[in-house]
Amino acid sequence: DSLNTVRCSLHMADSVFRATKRDAFDADFCDVVMIDTQFIDIGNDGFDVSGSTARLENLTVNGAKDKGLSIGEHSRATGKNLMVRGARIGMASNDLSEFQVDKVRIENCAYGPTVLQKKPEYGGGTLHLRGLTLTNVTEKYLVEKGSTLTVEGELIAPTTDDAKVILYGADSPFPIS
């Protein structure tokens, strides 16, 4: 990872992560505020937190091999004015995490908003979106049974029983390249 933080509080603004081989920003058990930050040509996930709280404002991910924004392992996050372009998965909430976003744009991605359970010791993910715009997204929503996705206050029905197999199985239609 380009920047991995553990058990800390941080405020980051006006930053750029560019041409990383793996995750650009990865926080474990942190309190994160990230404002006016760009992620460009990322080798794995752009923004990735586990067991953390996060407040995101004015973030842009432009090219990520896996997830543009990933909230996992019992994290709580809010976002405002987010853009993900050219990622495999636009944004994901998994493993008992909750992500609330106001105004998000997802373009040129294989998967749009995604909610799932990745690890057996957790449950599903939750994602609440207002002001969502999807453009050229192959699979609009990926909602695993037991997870929750709302868009403009409307509950989106589950689309699969096992999102992990779809995303990471040997027969994945959009494998990580």
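Parameters and conventions
- Residues numbered from 1 in each chain as written.
- Predicted model: local features only at pLDDT ≥ 70, side-chain atom pairs only at ≥ 80, totals over all residues.
- Heavy atoms only, no water.
- Helix = DSSP H or I, 4+ residues; strand = E, 2+ residues; numbered from the N terminus.
- Rg over C-alpha atoms; globule rule 2.2 N^0.38 Å.
- Buried < 20%, exposed > 50% of the residue type's maximum accessible area, 1.4 Å probe, protein only.
- Contact = heavy atoms within 4.5 Å.
- Areas by Shrake-Rupley, 256 points an atom, 1.4 Å probe, with all protein chains shown as cover.
- Lys, Arg positive; Asp, Glu negative; His and termini not counted.
- Charge placed at Lys NZ, Arg CZ, Asp CG, Glu CD.
- Core = buried A, V, L, I, M, F, W, Y, C linked by side-chain atoms within 4.5 Å.
- Polar contact = N/O pair within 3.5 Å; in protein donor to acceptor, adjacent residues only side chain to side chain.
- Pairing = 2+ DSSP bridges.
- Disulfide = S-S within 2.5 Å.

We now examine the overall build of the protein. Scanning the protein from N- to C-terminus turns up one helix and twelve strands. Overall, the protein shows an N-to-C arrangement of helices and strands of β-β-β-β-β-β-β-β-β-β-β-β-α. Scaling as 2.2 N^0.38, a compact globule of 177 residues should have a C-alpha radius of gyration of about 16 Å, and the protein matches this with 14 Å. Across its three principal directions, the C-alpha atoms of the protein cover 35 × 30 × 30 Å. Looking at the protein residue by residue over its 177 residues, the buried ones come to 51%. Long-range contacts, defined as pairs at least 24 residues apart, comprise 32% of the intrachain contacts of the protein with a sequence gap of at least 6. Counting every atom, the protein has about 8,000 Å² of accessible surface; 47% of that belongs to carbon and sulfur. For the protein, the distance from the average site of its 19 positive side-chain charges to the average site of its 25 negative ones is 3 Å.

With that out of the way, let us pick up the nonpolar core. Phe-25, Phe-39, Phe-47 and Phe-99 are the most contacted members of the largest nonpolar core, which totals 40 residues. Counting residues per element, this core draws most heavily on strand β6 (residues 53-72), at seven residues. Not counting residues up to four positions away in its chain, the partners in contact with Phe-47 are Phe-25, Val-32, Met-34, Phe-39, Ala-54, Leu-56, Gly-68, Leu-69, Ser-70 and Ile-71.

With that settled, consider the side chain of Ser-93. Relative to the assigned elements, Ser-93 resides in strand β7 (residues 76-94). Residue class for Ser-93 comes out buried when judged on its relative accessible area of 0%. A distance of 3.0 Å separates a polar atom in the side chain of Ser-93 from the backbone oxygen of Ser-97. A polar contact is formed between the side chain of Ser-93 and the backbone oxygen of Thr-126, at a distance of 2.9 Å.

A two-sided burial pattern is seen for strand β5 (residues 47-50), the buried positions comprising Phe-47 and Val-49 on one face and Asp-48 and Ser-50 on the other. Examined bridge by bridge, strand β3 (residues 25-28) and β5 share four bridges and lie parallel to one another. Each residue of the ladder has a partner; that of Ala-27, found in β5, is Val-49. Where β5 and β6 come together, four bridges link them in parallel fashion. Within β6, the position partnered with Asp-48 by the bridge is Ser-70.

Let us now look at the state of the cysteines. Using the criterion set out here, one finds zero disulfides in the structure. For the unlinked cysteine Cys-30, the closest cysteine sulfur is that of Cys-8, found at 3.7 Å.

To continue, consider unusual backbone geometry. Trans is the common state for peptide bonds, and a negative phi is the common state for residues other than glycine. Even without a glycine there, the phi angle at Asp-95 is positive, about 55°. For Asp-95, the location among the structural elements is in the loop between β7 and β8 (98-116). Asp-95 sits in the buried class, given a relative accessible area of 1%. Despite not being glycine, Asn-108 has its phi angle at roughly 55°, a positive value. Tracing the sequence through the fold places Asn-108 in strand β8. A relative accessible area of 38% means that Asn-108 is categorised as partly exposed.

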